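Examination of the molecular architecture
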Amino acid sequence: MPDDSSSPITDFSVGRVTRLAAIAAIAVSVASCAAIRIGYNNADTLALLQLDSYLDLTDEQEQTCKERLNALLAWHRTTQLRDYVALIDRTRAKLGGRITAADVLDFNQQLNTRMMTAADKAAPDIAHVALTLSPEQIDRAAKKVASDATKARREFVRLENESGAERAKKYGERAESWFGKLTDEQIEIIRKSLANRPTDATWWIDERERRQREFLSLLRKIQVDRPTEEVAARWLRTYFTHLNVAPEAERRARAESYRRGSAELIAQLINHATPEQRAAIDKKLNDYAQDFRSLAASNG
């Protein structure tokens, strides 16, 4: 879900699914092309560390998570990465012409679809581990989530209080990681766009905390009700679906409005890009594609 804290073009994060639950970490979010290979090849270790920090895994749970993560990564590497390359190639082909907000929204939706595919595949593994959790482990996770949320809320409140000039400057700095140095015209486009949009920082943190509470409640339900793995996996898939499309009309409308505002800004920036900037974006996307090709061809 793009927001002002993300890059102006949605990041190719092979594993936004990691935010749903650490065991679903098919890869880690990356800040640079070079980090993809390092992060992907160490995703199992990183996910286990994250899981353990929240749940204090037993030795048996840790071994189970490791085995299932390795199998999940192997599936993802062999069946999904070439499709990511194809998506990048299609996106690069469009960059030579005019981009619309609908193009950006479609790109984001295609990314979300791929993340949902990974979440769907991971659901039985998450269900299996969830059924082994003790009440104490879930309580531990809840305390850590609450602590993380307190820190995040302080940061979001700070962002909410920033001036329009500060917001525009930060957004511009993130945009330059894709475009290179922005033109005066692009800087003005950012300023005007953000001036006409609320920060929504408080709403986003409320939404994030709601999702965390819902996931913890689901873990407690699985622990208490002791469903079959198949049923628990179905509950998890429903949760993942609601992450992508909120069940309440008001939440959906708020998210869609914000997505459209972000998409319109991204399209404007690309359409006002210089030839050098378009070349820089194309190169960055191609670097991602090359890394995905390499990963798909390797054996781990």
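A brief structural summary. (Residues numbered from 1 in each chain as written. Predicted model: local features only at pLDDT ≥ 70, side-chain atom pairs only at ≥ 80, totals over all residues. Heavy atoms only, no water.)

1. With respect to the overall build of the protein chain
- A count of helices and strands for the protein chain gives twelve helices and zero strands.
- Helices and strands appear in the protein chain in the N-to-C order α-α-α-α-α-α-α-α-α-α-α-α.
- Looking at the 300 residues of the protein chain, the share that counts as buried comes to 47%.
- Long-range pairs, those at least 24 residues apart, make up 81% of the contacts in the protein chain between residues at least 6 apart in sequence.
- Element-wise, carbon and sulfur atoms account for 53% of the exposed surface of the protein chain, whose accessible area totals about 14,700 Å². (Helix = DSSP H or I, 4+ residues; strand = E, 2+ residues; numbered from the N terminus. Buried < 20%, exposed > 50% of the residue type's maximum accessible area, 1.4 Å probe, protein only. Contact = heavy atoms within 4.5 Å. Areas by Shrake-Rupley, 256 points an atom, 1.4 Å probe, with all protein chains shown as cover.)

2. Thoughts on the packing of aromatic side chains
- Scanning all chains against the criterion turns up four aromatic pairs.
- One aromatic cluster is present, built from ring pairs that chain together Phe 215, Tyr 239 and Phe 240.
- Over the face of the ring belonging to Trp 235 we find Lys 221, whose NZ or CZ atom lies 4.7 Å from the ring centre. (Phe/Tyr/Trp six-rings, centres within 6.5 Å; stacked < 30°, edge-to-face > 60°. Lys NZ or Arg CZ within 6 Å of the ring centre and 35° of its normal.)

3. A look at the packing of helix 2 (residues 43-55) against helix 3 (residues 59-79)
- At their nearest, the axes of helix 2 and helix 3 sit 10 Å apart, and the two run at 145° to each other. When the axes of helix 2 and helix 3 are compared, the crossing they make is right-handed. In contact with Ala 43, Asp 44, Ala 47, Leu 48 and Leu 51 of helix 2, helix 3 contributes Glu 62, Cys 65, Lys 66, Leu 69, Asn 70 and Leu 73.
- For the contact of helix 2 with helix 3, the class distribution of residues is seven nonpolar, one polar and three charged. (Axes fitted to C-alpha atoms, helices over the stretch in contact; angles between N-to-C directions. Left-handed = near helix turned anticlockwise from the far one by under 90°. Nonpolar A, V, L, I, M, F, W, Y, C, P; charged D, E, K, R; others polar.)

4. Observations regarding helix 3
- Over its 21 residues, helix 3 runs 30 Å from end to end, which matches the ideal 30 Å to within 8%, given 1.5 Å per residue.
- For helix 3, the complete set of buried residues consists of Gln 61, Thr 64, Cys 65, Leu 69, Leu 72, Leu 73, Trp 75, His 76 and Arg 77. (Expected span 1.5 Å × (residues − 1).)

5. Side note on the pattern of salt bridges
- With the rule as written, the count across this model stands at 19 salt bridges.
- Linking Arg 114 and Asp 83 is a salt bridge whose minimum nitrogen-to-oxygen distance equals 2.7 Å. Here Asp 83 lies in helix 4 (residues 81-94) and Arg 114 lies in helix 5 (residues 101-130), a separation of 31 residues in the sequence.
- Between Asp 282 and Arg 92 there is a salt bridge, with its nearest N and O atoms 2.8 Å apart. One end of the pair, Asp 282, is in helix 12 (residues 275-297); the other, Arg 92, is in helix 4, with 190 residues separating them in the sequence.
- The exposure class of Asp 282 is partly exposed, given its relative accessible area of 25%. (Salt bridge = Lys/Arg side-chain N within 4 Å of Asp/Glu carboxyl O.)

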